[in-house]
Each structure stands twice: as structure tokens, then as C-alpha cells.
Amino acid sequence: MTEPATTALRTRRGHRRVPPITDLEALRGALQTALQLEHATIPPYLCALYSIRPGRNVEAAAVIESVVMEEMLHMVLVANVLNAIGAEPAIDRPDFVPRYPATLPHSDGRVIVRLQRFSPAAVDCFLRIERPEPVTAPPRAEGYHTIGQLYAAIELGLQVVSAQRQIFTGDRERQIAGNDRVYGMAGGPVLVDDLASALHALSIVVDQGEGIDHTIHDGDAPLGEPPMLAHYYRFDEIARERHYRPSDTPRTGPTGPPLPVEYDSVWPMRTDPRASELPPGSDVRGMTDSFNAVYTELLRQLHRGLNGEPDQLGTAVGSMWALRWQAEALLRVPLDSTGDTAGPTFEWAG
Amino acid sequence: MADLSCDVAIVGAGISGAILARRLAAAGLDVVVLEAGEATGLTWEGYQANIRKFLAAPAKVPNSAWPNSPAAPSPNVLDIVALTPEGPPGTNGYFVQTGPIPFGSDYQRSRGGTTLHWYGHSIRMLPADFEMHTRYGVGVDWPIGYDDLLPWYEAAEWEIGVAADVADQERIGVRFSPGYVYPMHRVPPSFLDRWLGARLDGQPVTIGGTDYTTGVVPVPGGRNSMPNAAYDGGRGYVPVGAVGRPETGLRCEGNASCIPACPAQAKYSALKTLDAATRAGARILHQTVATKVGLAADGTVNGIDVLQWTGNTFPSAVAGTIRAERYVLAAHSVENAKLLLMSGAANSSDQVGRNLMDHPFLLNWALVDEPLGTFRGPGSTSGIETLRDGPYRAEHSSFRVDIDNWGFGILGSPITDVSDAVFGDGLHGRALRDRLTDVVPRQLMIGFLLEQLPDPENRVTLSPPGTWTDALGLPRPVIRYDIAAYTRAGAAAARACAEQWFDVLGAEDLTEYGSGRSPVMHQAFEWNGRPYATLGAGHLCGTHRMGRDPSTSVVDSEQRSWDHRNLFVTGAGSMPTIGTSNPTLTLAALSCRTAAAILEDLA
């Protein structure tokens, strides 16, 4: 096999590297990693969101909710790329679900993700997840440190592999496009059927997470609307308890009005709960098992929705609501004299 | 306050004023909206404060969630008292009621108007509803027909973002433009809708000895469901989320408390259109009560006098005048009539304030023998819609029938179930829980919206000088109201339908209109020796009706005053007959039509 023409290849951030992905199988594997990664961030975000007491931390809750909405969009965008190259997004299986505390799939293991209440530790964890890629960080599909490195590797891989052969052979009917099923997130789904649309879909994922061109903005704002902050900077507003102004930069940090945060106005959820740690036959065990049954059913619905049965995405929305009500009920159950409460465990219940 | 000049001055920031403001401002006109009440719901947090108020309110009536300002008071159904034929008027609250039957409906005077607490039903009138006199020899015909309003229904459905399926509506005789689809797919029918549909849909029901078909049909809702990709020639529809937090409220979340106050703002309110109007450049002045429509010697309007108030307990106010090229009164049926009467304007026909109509709401309730999923989803997602038109309309009112997803909620359930079980039967603990989980889910309630014909004696007048006034010293509306034989006979026919349906369902009929009836049913009357009792539906229509003849109507078909050609009077008050649908969509369509007329007029 000849050496790929690496000198012609650049990531959007100007990388000029030996591409870590050079064949279709590796490309599919990296995209499946990305799909698992996008999903793996959602349970920690939801634990923080649902642990906030009603009517408290209003702005922080809105930030977390807005990020979760976009992570769901990212799953759809990555699935569209997978479907476009004739692969099947795999969601309905036990190894799709992290066992928290977890590392990000196929990462260097330095970011530990936990299921925990809204707290400084949780916000710090979110910042680590969404941290922008340093200019010097090489693209990596294995052992990446930032999510940007993984996507840079996929970007390069898409260019290399699609230059070797036609890879956009997927069934268009499997694409989630238009605004009728997935909506309410900045951007919206992108129909992927060639290299340009695949790169565009992935650029939305990266830009919403860490910002464009090393600014604090995600590049989505319609003309005349205020620019949206990338996820990292939205969480940074919570961490520093202050809003960014549109003219702020990563270097200035936020210089806008205060964003009040009350870390004690939360349900004190025990970190990284497990169903197996709860007494069999207890009410709280039953609630937890029921939660996990709904969660597993939701993953199955998402699997079908992203594998040619798009109407299942509408059904999945109902499961998402059920998940929320059950999580909020669990968060109100005190576990013992420590005052800690139960919480959603997000475990596969096959 | 400083006097203001603009192109168009609009009184009232409810759905009619909001639509006009948005459309006129988007066309480049300088628009000022004068809202008597408070600026509630300008932000997400501000809206949520109303939700918390509703949750804390002991009596959860439509206006519980929303402001009530002494300087711009709203009627409240809690103020209604029983009236006696020769007794004193009911003067609780805002209305002065002289009876003989108390008027049963309220409305809301603040930013967003009564859409703050509406059901969200966005139902077109039937073609027959426009031609009651021609077809059935009762009431009057409209000066326009269904086909004249059809394009404006489509415009209103875009403004509201209506969720419905065309096929459901075609089944009951609603006509559409070729290829039309609603902006959003219908809200999925509730478990109860499907349960009732499986048992009642297609069943014969006898009215006056003739068999008709029972049709359980999903109701078009002003509620975000899922956008229809085929809308607008395949361009689709972008749902509008909560004001100040647009990523929220993009889908109905199934809150049973969405009436009166959707916590997510997935249910449409005029707050959304007002937000768009403001972005288009319209100015909205809150706490600014119009007190007089000023008339020039040539019969045109030359200004609207206002009082701008501050201070909610003991308000103080400053006076001002707004001058414009065109004036629009969009303040709701009673307030429009009140302002015109206070001004001595637009009333050469002597019809201002007359022909007040509502849909007296006849509840029927029963227990069935299996759970129906009560209190899940929006309050009402389907109705029995096939009896809205029929030859019986020559004799008595027809009806559309709301199917409620909240059990006996209108009668106070589940709070009343708890108090009955605790204080009546002494239950507590597990036995109390068992009772509630057994009974509440089996509650079935259907409500008939009965037509009323225009009656000049059902009318709004002003309280005489020196009697009842609000905190600004303005007169309070005096309402004389009765329910005529046409509607009473309709109540009897409706009741007979309910009895037939409960029979088919094997339901235990608990309906009681006599002396033991629920206190929420204020409107008691008899027909053929049997008692009936209704509530108001909040559908106030007819106080400045449109027509072809200036001697019998207040406005023309474009809602332009016959007497003052630069004045438009808009809203459900323009409706000559009330029809068989909840009136909001129709008044919204009329408002879209009037916006176009004003643009043409000023072009």
C-alpha cells in the first residue's frame, strides 16, 4: 500500500500530520467511539441538572440543559456520518454504556467522568470534558486527551479514506435530516452524503463544544442574534460565576455581570450510585431498577431511530421525560443518616 | 406622560393586538400598543413567577396564575354569586351582574391577554356557522363566508403554530386549500381519547328522534408538538419556544396544568407574538389604560386618551394622548364595548355592548370501571365534533363536546376527592391512597359547549356615574345576561346525548344539576321542568358585531367602524354569531385579515 498523500491534508485547525486513520474499518470504529463519547457525557450532565432544586440555580440549570440538548444533536450528527459510510450506529448493547466513574472511551484516561450532584467538582469535570484542543495537540483516535483530537483524527480519516474509494454508500433513508424530528438545538441535523457534508456535520459538533477558531463562540448564531457560547465557555461562566460578554476572549475570561450559583440548593445525590449497592426489595432499589429499565428502553429506541426507523426518535422523547421524572423522584430519597440521597445510576438493564 | 404620535395605535396586547402589531410593524409602520395591565411574562423568570403563584393558589381558576391590578381589574369566576330575580346585582369583583343568570366567564387584562390561560384549542368554524340565518332561520349571517376567511385561518394557524392533522378536520366538514397541512403534527391523542374512540366513535346517537354519528376527533391545538416537514410547500415550520428561553417549550411536555398556565410555554400565548412584534419595532406601553376615543368634527378619531398608572395597591396615574393615522381597539369584547360606550363612539347602530354571547358549558360526569389515565397530558386533546352542525340547529343549539383528560378537575378534583375521603369517610394512610388511586383515574368528564344566539338584551353597559368604579375611577361593566330557550333546549339535547354515551360505556352517571350540584356551576336554569346548570366557557363574543348594514352592526367585515373610518374594532366582539368552535382561532384570523386591510388602507 502506498503512503497516503499526507502533505495535502490539513485539519481545519491547520494540522499537517500523519493521519492516524487510514482505512474504513478504523474510521467506522472512531466514529462509533465518538457516538459513545457524545452519549457518555449526557448522564453526568443530567445528574447535575436534575439534582438542582426546583427554582434554584436557574441560570446554571439553563446552561446545563442547553448543553445536553446539543449533545443529543451531536449523537444524531455522528450517527448520520456513520450511516452515510454504510455503518450501523450501535447503541443497544451493554458496552455502549459507561460504568461510572468512567474515562472517556478510547481516551488517554486522564478525564474521569462521574455521576454527581451539581457542585464545583461536577463543573470542573464538565470543563475537562469540553476543554478546547490546544493548537499543538495531535489528532488521535486512540489515547486522545481532548475531544477535539478525536474529531481531528476522524476529519483526516474521512479525507484519506474517501480519497482511496467511494465510502459514502449509505442508504439516504437512514439519515435524520430536516427539522421535524430533531429540533430545538442550535444548528439542527445535517444530511450527510459526501465528504463536505460529513465534515460540516462534525464541525458543528466540535464548534459547539469548544468554540470556533479559539474564540468563545460556537459560530451558530443567525444573523442579528447574539452569538452562542461554546460549551466550554458556558460551563466556565458557571465555574467563575460570571457571564461572558460578546467581546470577551478565552484570554480575558468572563467580564460580564455575575451569574449567581448556590451549590447548596441541590439534592445531595451520592456520587456514582449503583443499583447493586441498594438493598434488594427496598423501594429505592425498585425505583432504581425501574429507572434503568426506562434508560435501557430509551437506548433501544434511539438505536432503532438511528438505524432506519426515524419515528422511534419521537417515541424516545416520551422515554426521556419518563427518565427525568424517575430521576427526580430518586433524588428525593434519602439513603441514610449522612443525608445523601439516591440518584439515577444509568446502568444497562438488559 | 408625554403625548405620542405613531402610524397605528392599538389598544390591548392580547392575541388580536399582538398579531396586528407584529404584522403592521413588520411592514414598516410605527406601531404603539397600549396595554391596560401589567407586563407579565417578559422574561422566562417573570413567567415562572406566575407558575409559582398558580401552584400556591388555593383555588385554581383561570386567572389564579395571572395579575389582577386594581387599576386594570380582570373579572374572576370566583367573584360570581347566585342572583335572584328581584334581588340586588352581584357586585363582587369587577363585573356588576344584573342577571337573571350570572355571566360565567372571565378574561385577563395584562400583557398576553386571555391567551395566558386559554385551552389552546385552535378550531376553525364550520362553513355552516357563518350562515345561521340562511340555513336555519335563526341568528344572523356573517357578512363574509368561510371561503373569505380561509386564507386568514391559514395565516392564524401559522401565527399560533397549530398542531393538527387535516384529515381529522375534513372528516367533520372543514375545507382546506389543496395540499394544505397544519404547521405541526397533531398532539398525540391521550389514552382516554383512544379509549373513548374505541367505544364511541361511529356509535349512533339520537337527537330529536333522528340518529347521528358520534365522532371522537382530535382537536387542533395551539401547542408545540412536532413540526410537519410538508408545511409551506415542504419548507416546514420552526416551532417557537418560551419567551426569553427559546430552547424551552419546543414540545408539549404533557403538563396537565397547562390550562391555565403551561409551565414550559409549549402552549401558545400572545407573549410569543408580542415578542416578535417588539423585535419588528412595535412599542408596547404597559399599565396604560385607554379612557376615551377622541372624535374630530369630521367624525374621524383624532386620539386616544390614556391613564398611565403605577402602584398596585393605591395606583396613581398620569394622563396622556396617543395620536395615530389609524386606531385599533383590540381590548377584548367587554373592554372594547366599555371604551366605545365611555367615548360615545361607533354606536350609531345602538349595537355596541349588545349581543353578548358565550358557550354555556354543560358538564356531564361519570365513573367508569377502568383507569383512564387522568391528569396526563394537556387538559383536552380530543372532542366529539360531529354534532356541531345538523338540522336540529333550527330548533336548538348544536354543540361541540370537550373530552377532558383531567377527570373531574373542573369540579375540583383531585382536591375534592381528598377532602371527601378524609373529612367525609375518615380515611387516612394506605386506605386513603388506595381510595384516591382507585377513584381518580376512573373519572370521566365531558363538557358540551352550547351555542347562544345573538340577543340584543344580553348586553354590556356602564355603571352609572357615582356608583361602581375601578381604582382609576372608571366605570365598571354592568352585564345583563340570560340563557334563552334555544340554548336551554340545546342543553336538554346535549344531556340526552351524554346519557346515551354513558349507557354505551356502562359508566356510573354522577351528573347532578339540582340543589346538590357543584358550586362551580353558577348558571342554573330549567327546561321542560328539569334542572340544568352550566359554567361560562370564556368565549365572550358579539359586543361590536360585524355586518353588511351600518344600522344593525358596529363594524364592517374588515372590522372597520361604520361611523369612524380610521377606527378598527377587532376581536371576538366582531363575531355576529358564536359558532361551534372556541373563538380564538377565528378572531386571530379576523385580526390577520384586518392587518392586511390597514396596510392596504395606508399604502
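Just so you know, these numbers come straight off a predicted model, no measurement behind them.

What counts and what doesn't
- Residues numbered from 1 in each chain as written.
- Chains lettered and ligands numbered in written order.
- Predicted model: local features only at pLDDT ≥ 70, side-chain atom pairs only at ≥ 80, totals over all residues.
- Heavy atoms only, no water.
- Contact = heavy atoms within 4.5 Å.
- Buried area = accessible area lost by both parts, 1.4 Å probe.
- Salt bridge = Lys/Arg side-chain N within 4 Å of Asp/Glu carboxyl O.
- Helix = DSSP H or I, 4+ residues; strand = E, 2+ residues; numbered from the N terminus.
- Buried < 20%, exposed > 50% of the residue type's maximum accessible area, 1.4 Å probe, protein only.
- Pairing = 2+ DSSP bridges.
- Axes fitted to C-alpha atoms, helices over the stretch in contact; angles between N-to-C directions.
- Phe/Tyr/Trp six-rings, centres within 6.5 Å; stacked < 30°, edge-to-face > 60°.
- Lys NZ or Arg CZ within 6 Å of the ring centre and 35° of its normal.

**Overview of the interface of chain B and chain A**
Turning to step 1, where the next piece is worked out: Each side of the interface is counted separately: chain B has 16 residues, and chain A has 14 residues.
Turning to step 2, where the next piece is worked out: Both faces combined, the contact of chain B with chain A buries some 1,400 Å², and carbon together with sulfur accounts for 54% of it.
Turning to step 3, where the next piece is worked out: If you sort the residues of chain B by the area they bury against chain A, B:Glu247, B:Arg251 and B:Glu253 come out on top, with a joint share of 38%.
Turning to step 4, where the next piece is worked out: Seen at the junction of chain B and chain A, the total is one salt bridge.

**Re the pattern of salt bridges**
Residues and elements named next belong to chain B.
Turning to step 1, where the next piece is worked out: One pass over the structure, following the stated rule, counts 47 salt bridges over all chains.
Turning to step 2, where the next piece is worked out: Note that Glu157 is salt-bridged to Arg124, the shortest N-O span being 2.7 Å. You can see Glu157 sitting in helix α4 (residues 146–160) and its partner Arg124 sitting in the loop between β3 (96–100) and α3 (132–136), a full 33 residues away along the chain. Judged on exposure class, the residue Glu157 and its partner Arg124 are both buried.
Turning to step 3, where the next piece is worked out: In this structure, the salt-bridge partner of Asp275 is Arg279, at a minimum N-O distance of 3.4 Å.

**Digging into unusual backbone geometry**
Turning to step 1, where the next piece is worked out: Cis geometry is adopted by the peptide bond preceding A:Pro101, which originates at A:Tyr100 and carries an omega value of 0°.
Turning to step 2, where the next piece is worked out: Summarising the element assignment, A:Pro101 is placed in the loop between α3 (58–84) and β1 (102–103).
Turning to step 3, where the next piece is worked out: Omega for the peptide link from B:Ile259 to B:Pro260 comes to 15°, which places this bond in the cis form.
Turning to step 4, where the next piece is worked out: Tracing the chain through its elements places B:Pro260 in helix α8 (residues 258–261).
Turning to step 5, where the next piece is worked out: Positive phi, close to 60°, is recorded for A:His106, a residue that is not glycine.

**Observations regarding the sheet that holds β3(B)**
Residues and elements named next belong to chain B.
Turning to step 1, where the next piece is worked out: Spatial strand order, β3-β16-β15: three strands in an open sheet with mixed pairing. Each end of this open sheet is capped by a strand with a single partner; those strands are β3 and β15 (459–462). Strand-to-strand twist of the sheet, defined as the mean angle between neighbouring strand axes without regard to direction, takes the value 20°.
Turning to step 2, where the next piece is worked out: One ladder, built from four bridges, connects β3 with strand β16 (residues 477–481); its direction is parallel. Looking at β16, one finds that Gly99 is bridged to Arg480.

**Observations concerning the packing of aromatic side chains**
Turning to step 1, where the next piece is worked out: Scanning the model with the defined rule gives 29 aromatic pairs over all chains in all.
Turning to step 2, where the next piece is worked out: When the ring of A:Phe291 is compared with that of A:Phe346, the centres are 5.0 Å apart and the planes differ by 90°; the resulting orientation is edge-to-face. Taken together, the residues span a long stretch of sequence, with A:Phe291 in helix α8 (residues 283–305) and A:Phe346 in the segment after α9 (311–330) at a distance of 55 residues.
Turning to step 3, where the next piece is worked out: Geometrically, the ring pair formed by B:Trp118 and B:Tyr268 is edge-to-face, given 6.2 Å between the ring centres and 80° between the ring planes. Here B:Trp118, found in the loop between β3 and α3, pairs with B:Tyr268, found in the loop between α8 and α9 (270–279); they are 150 residues apart in sequence, far enough to count as distant.
Turning to step 4, where the next piece is worked out: Among the aromatic residues, ring-to-ring pairing joins B:Tyr94, B:Phe95, B:Phe103, B:Tyr107 and B:Tyr481 into one connected group.
Turning to step 5, where the next piece is worked out: In this structure, B:Arg245 packs its charged tip against the face of B:Trp44, placed 4.7 Å from the ring centre.

**Some remarks on α9(B)**
An α-helical turn contains 3.6 residues, so any two residues separated by three or four positions project in the same direction.
Residue and element names in this part refer to chain B.
Turning to step 1, where the next piece is worked out: When you tally the buried positions in α9, you get seven out of ten residues, the bulk of the element.
Turning to step 2, where the next piece is worked out: Residues of α9 that are buried include every one of Ala270, Leu271, Lys272, Thr273, Leu274, Ala276 and Ala277, and no others.
Turning to step 3, where the next piece is worked out: Tucked inside the fold, the buried residues of α9 contact α1 (15–26), α2 (44–56), α4 and β7 (283–285).
Turning to step 4, where the next piece is worked out: One or two positions beyond α9, positive phi appears at Gly281, with a value near 110°.

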